[in-house]
There are 2 protein chains.
Amino acid sequence: MATIYEVAKLAGVSPATVSRVFNGMGVSEEKALAVREAARQLRFSPNRTARTLRRQESEVIALVIPDIENPYFTELARGVEDVAQSAGYSVVLCNTDSDLDKESTYLQIAISEHMAGVILAAASDHTNLDDIMAAGRPVVAVDRGTGYDIDGVVMANRTAGQAATENLVQSGYRRIACITGPEHIETAYERAQGWRAVIARNFPDADPDELLRFSTFRVDGGRDVMEELLALPEPPDAVVAANNMLGVGAIQVLTEHGLTPPRVGVAVVGSLPFTTLSPSVVTVVRLPARHMGVTAARMLLERINGDDQPARTIVLRNELQPARTAAPASSATRSSAAASSTVPATATPVAAPETTRA
Amino acid sequence: MATIYEVAKLAGVSPATVSRVFNGMGVSEEKALAVREAARQLRFSPNRTARTLRRQESEVIALVIPDIENPYFTELARGVEDVAQSAGYSVVLCNTDSDLDKESTYLQIAISEHMAGVILAAASDHTNLDDIMAAGRPVVAVDRGTGYDIDGVVMANRTAGQAATENLVQSGYRRIACITGPEHIETAYERAQGWRAVIARNFPDADPDELLRFSTFRVDGGRDVMEELLALPEPPDAVVAANNMLGVGAIQVLTEHGLTPPRVGVAVVGSLPFTTLSPSVVTVVRLPARHMGVTAARMLLERINGDDQPARTIVLRNELQPARTAAPASSATRSSAAASSTVPATATPVAAPETTRA
DNA sequence: GTGAAAGCGCTAACAT
DNA sequence: ATGTTAGCGCTTTCAC
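Note that the coordinates shown come from a computational prediction; the quantities given were computed from them, not determined experimentally.

Take the interface of chain B and chain A next. Counting from both sides, the interface comprises 50 residues of chain B and, opposite them, 50 residues of chain A. Joining chain B to chain A, the criterion identifies eight salt bridges. For Asp-97 of chain B, the salt bridge identified is with Arg-78 of chain A, shortest N-O distance 3.0 Å. Here chain B is connected to chain A by 14 residue pairs in polar contact (both at pLDDT 80 or more). Where the side of chain B that touches chain A is concerned, the elements lending two or more residues are α4 (48-55), α5 (71-86), β2 (90-95), α6 (100-112) and α11 (244-256) of chain B. Broken down by element, the residue count for the side of chain B that touches chain A peaks at seven residues, all from α5 of chain B.

Structure below.
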């Protein structure tokens, strides 16, 4: 590739002038034109590596996520991308596979490539950010906290778990299980806490943890644990899945056992973008993943531009999309309120964020 | 961050020696130890930007895809990642949204960041690779060709379209529509060609294109076009969806109309990882996306390492997973062969690649 | 085996 | 407004 020196020579100016043209500094119209023409002829495109080395900062931001195959995270990625792109940044996606080593490798790369900042959905609560903080790179946490005092955007997880569970209770289910992710992941724990609270309130005599299962946040995890629950002497009549993947796994297993919802009630925290269920047989607590990405990207850009106000945490509100069908007749009383609170399947709700200072 | 100069001073050696230690060149055991210790103390990590500028090559490869929200491409990404990682390369994912401008921006970045190579699922057949070829960066095409004489890995698209259609014919369906992607995308066109061939052979009197629809390769596209088909005076009794997203959209609409498969037959080219359908009511032609990623990454690494044999194209074989249920009784004769060729829902077939020289 | 020194392509003082 | 120049941190000849 051509360099600014070659362009400068062809245009009859100094390298500095070429650089100025490409960085929007003050250059006379005449010379600017000559430079652009020369650059075009030589198919010149500035060497970002050299620029980054010199400037000590690149125009790329890293989005570090635990599972690229989870539509929740790809939706998040779209939000980040859209904001970043229009601000002139490119986004590189790093998939950690929930592996702390991979995650720390990517964070190290972010440092040593002088990336402008990082948006991180931490692999666990043990993620170490010492180095990247020391390097002065802004980091925004998404989906999960980190234990560091940094900006973050999270879902209202406890509320989401509660809403999902309450909906099942109101539909008349009475043995409601909960399938969630690894206990050391904040979202998994908090959504389960929401479930716990509703169960304790409605069924004070129930052994709270008999029907609670920690697993992975993946389809397989949902499958395994659902099988386990069905094999119980007294299986549940409904289940809360703490994320989309678990929900898919659980529904698959139920379907295979001939227990398609609503024969067994299902409520899922998270959207199911690629399911093909008949309209709304499962309750969904929609998580505004795209919006989370947009918000996080905006916060990161602010930090990149030097904003140094105290760290903020933004909690995004979720939206309940109740199932249209209620529990089968064999189940107990069902509130008529539940049946009436339906929502068209095609509704595209807008998530309103509620802001909190950390 | 610390530099090699600081490490060198602390270890009592020259910067060159520090560099050698970190690049596995011959250095005495004694000095190597001192360097490592100094590096540890200073939390030194080599500056990749400087290295890349000097070496004119970085250890990252770009994976450029049209839709990061499509599970087919994320599965592909996993394959690429696994191979790349174990070879010491990191992968950055670039989402073009099927937009030629975004795509060309990313290709430009790949050049100017001196990336080691690119794996590209082209946004269309108009993708311009002149610059990146001129820069001497290896490019491997995946999923779709590019019009350039470069390495590639593709699915057997025509065969896949045929297999999907044939399965519906054998199940007794007789008015079989085809929903496919944009005509200028190779995979969309070829899968439709497979459908065309089977229809022409079995129903020579049918107007071949009455039931053919080009759309986008997205859920919405599948929905819109499925609605259109159902509104026909004589709607189809079955449909071939040319990719996973179209399949999801089509099935959603059918379900909403109370026409859940197999009342209307559905065959999909591509896997449906997140569906929750009862076991195998739709026929799936499984596409080995992960395998495609693995293969492409291996080819790219060979090129990066200087291999300069003629360009190769590898065609991956697909695998038919027939629906377990056949057409409803209202449909015409159904071959008993179809009913017997079932496959357990849990089977995880291994895709065998077949190699071809371009 | 080891060190000295040049230079990758760019940007940002500084000087004019 | 424009040119000159030093230097970002590393790798790699070239001497020794």
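Moving on: the protein's contact with DNA strand C. Residues in contact with DNA strand C amount to 25 residues; listed here are only the nearest, Ile-4 and Arg-54 of chain A together with Thr-17, Arg-20 and Ser-28 of chain B. For DNA strand C, the backbone portion of the atoms within 4 Å of the protein, that is sugar and phosphate, comes to 61%. A distance of 3.0 Å is found between a phosphate oxygen of DNA strand C and a side-chain nitrogen or oxygen belonging to Arg-51 of chain A. Arg-54 of chain B places a polar side-chain atom, nitrogen or oxygen, 3.3 Å from a base nitrogen of DNA strand C. At four residues, helix α4 (residues 48-55) of chain A tops the list of elements feeding residues into the surface near DNA strand C. For the surface near DNA strand C, the class distribution of residues is ten nonpolar, eight polar and seven charged.

Residues and elements named next belong to chain A. Ile-61 and Ile-119 are the most contacted members of the largest nonpolar core, which has 162 residues in total. Not counting residues up to four positions away in its chain, the partners in contact with Ile-119 are Ile-61, Ala-62, Leu-63, Val-64, Val-80, Val-140, Val-142, Ala-296, Ala-297 and Leu-300. Grouped together as the second largest cluster of nonpolar side chains are 38 residues, Cys-94, Tyr-106, Met-115 and Leu-129 included.

A word on the protein's contact with DNA strand D. The local shell around DNA strand D holds 25 residues, among which Thr-17, Arg-20 and Ser-28 of chain A together with Ile-4 and Arg-54 of chain B are the closest. Considering the 4 Å shell around the protein, atoms of DNA strand D inside it are sugar or phosphate in 58% of instances. A distance of 2.6 Å is found between a phosphate oxygen of DNA strand D and a backbone nitrogen or oxygen belonging to Ser-28 of chain A. Contact between DNA strand D and Arg-54 of chain B: a base oxygen at 2.3 Å from a side-chain N or O atom of the residue. The set of elements that each furnish at least two residues to the surface near DNA strand D consists of α2 (15-22) and α4 of chain A together with α1 (4-11), α2 (15-22) and α4 of chain B. The element that contributes the greatest number of residues to the surface near DNA strand D is α4 of chain B, accounting for four residues.

Residue and element names in this part refer to chain A. Per the stated rule, a full pass over the model turns up five aromatic pairs over all chains. Centre to centre, the rings of Tyr-72 and Phe-73 are 5.1 Å apart; their planes meet at 70 degrees, and the pair counts as edge-to-face. Here Tyr-72 matches Phe-73 in class, with each residue buried.

Time to look at the packing of helix α8 (residues 157-170) of chain B against helix α9 (residues 186-202) of chain B. The geometry of a pair of packed helices is captured by two quantities: the angle between their axes and the separation between those axes. Residues and elements named next belong to chain B. Packing of α8 against α9 brings their axes to within 7 Å, and their N-to-C directions diverge by 40 degrees. Judged by the inter-axis angle, α8 sits oblique to α9. Relative to α9, the crossing made by α8 is right-handed. The segment α8 lies against α9, with Asn-157, Arg-158, Gly-161, Gln-162, Thr-165, Glu-166 and Val-169 engaging Thr-187, Glu-190, Arg-191, Gln-193, Gly-194, Trp-195, Ala-197, Val-198, Ile-199, Arg-201 and Asn-202. Each residue belonging to the contact of α8 with α9 can be placed in one class, and the counts come to five nonpolar, eight polar and five charged.

On to unusual backbone geometry. Across residues other than glycine, the phi torsion is negative in most instances, and most of the peptide bonds are trans. Across the junction of Pro-261 of chain A and Pro-262 of chain A, the peptide omega takes the value 5 degrees, indicating a cis bond. Inspection of the secondary structure puts Pro-262 of chain A in the loop between α11 (244-256) and β9 (265-269). A positive phi is found at Ser-98 of chain B, a non-glycine position, where the angle reads about 55 degrees. Turning to its location among the elements, Ser-98 of chain B is positioned in the loop between β2 and α6.

What follows deals with the packing of α1 of chain B against helix α3 (residues 29-41) of chain B. All names here are of chain B. The contact between α1 and α3 brings their axes to 8 Å, and the two run at 120 degrees. Between α1 and α3, the interaxial angle falls into the category oblique. Crossing of α1 over α3 shows right-handed handedness. Between α1 and α3, the contacting residues are Val-7, Leu-10 and Ala-11 on the first element and Ala-34, Val-35, Ala-38, Ala-39 and Gln-41 on the second. When the residues that make up the contact of α1 with α3 are grouped by side-chain class, the tally is seven nonpolar, one polar and no charged.

In this sheet, strand β10 (residues 283-286) of chain B lies alongside strand β9 (residues 265-269) of chain B in parallel orientation, the contact comprising three bridges. Among the inter-strand pairings, Val-269 of chain B is bridged to a residue of β10 of chain B, identified as Val-285 of chain B.

What follows is about the UniProt feature "domain: HTH lacI-type" (unreviewed entry) in chain A. Here the UniProt-annotated "domain: HTH lacI-type" (unreviewed entry) positions come out as residues 2-55 of chain A. Helix makes up 69% of residues 2-55 of chain A and strand 0%, and the two end C-alpha atoms of the span are 20 Å apart.

Residue and element names in this part refer to chain B. Looking at the element boundaries, Thr-165 is found in helix α8. Classification of Thr-165 by relative accessible area gives buried; the value is 0%. Each residue touching Thr-165, except ones within four places of it in the same chain, is listed here: Ile-176, Trp-195, Val-198, Ile-199 and Val-240.

Attention now moves to the relation of the copies chain B and chain A. For the pair chain B and chain A, the best superposition has an RMSD of 0.1 Å and corresponds to a rotation of 180 degrees with a translation of 0.0 Å parallel to the axis. Viewed as a symmetry operation, the transformation between the two copies matches a two-fold axis. When the interface residues of chain B are mapped onto chain A, 100% of them again fall at the interface, so both copies present the same face.

Basis of the calculations
- Residues numbered from 1 in each chain as written.
- Chains lettered and ligands numbered in written order.
- Predicted model: local features only at pLDDT ≥ 70, side-chain atom pairs only at ≥ 80, totals over all residues.
- Heavy atoms only, no water.
- Contact = heavy atoms within 4.5 Å.
- Salt bridge = Lys/Arg side-chain N within 4 Å of Asp/Glu carboxyl O.
- Polar contact = N/O pair within 3.5 Å; in protein donor to acceptor, adjacent residues only side chain to side chain.
- Helix = DSSP H or I, 4+ residues; strand = E, 2+ residues; numbered from the N terminus.
- Near = heavy atom within 4 Å.
- Nonpolar A, V, L, I, M, F, W, Y, C, P; charged D, E, K, R; others polar.
- Core = buried A, V, L, I, M, F, W, Y, C linked by side-chain atoms within 4.5 Å.
- Buried < 20%, exposed > 50% of the residue type's maximum accessible area, 1.4 Å probe, protein only.
- Phe/Tyr/Trp six-rings, centres within 6.5 Å; stacked < 30°, edge-to-face > 60°.
- Axes fitted to C-alpha atoms, helices over the stretch in contact; angles between N-to-C directions.
- Parallel < 35°, antiparallel > 145°, perpendicular 65-115°, else oblique.
- Left-handed = near helix turned anticlockwise from the far one by under 90°.
- Pairing = 2+ DSSP bridges.
- UniProt positions renumbered as here; feature names shortened; annotations may be inferred.
- Least-squares fit on C-alpha atoms with pLDDT ≥ 70 in both.

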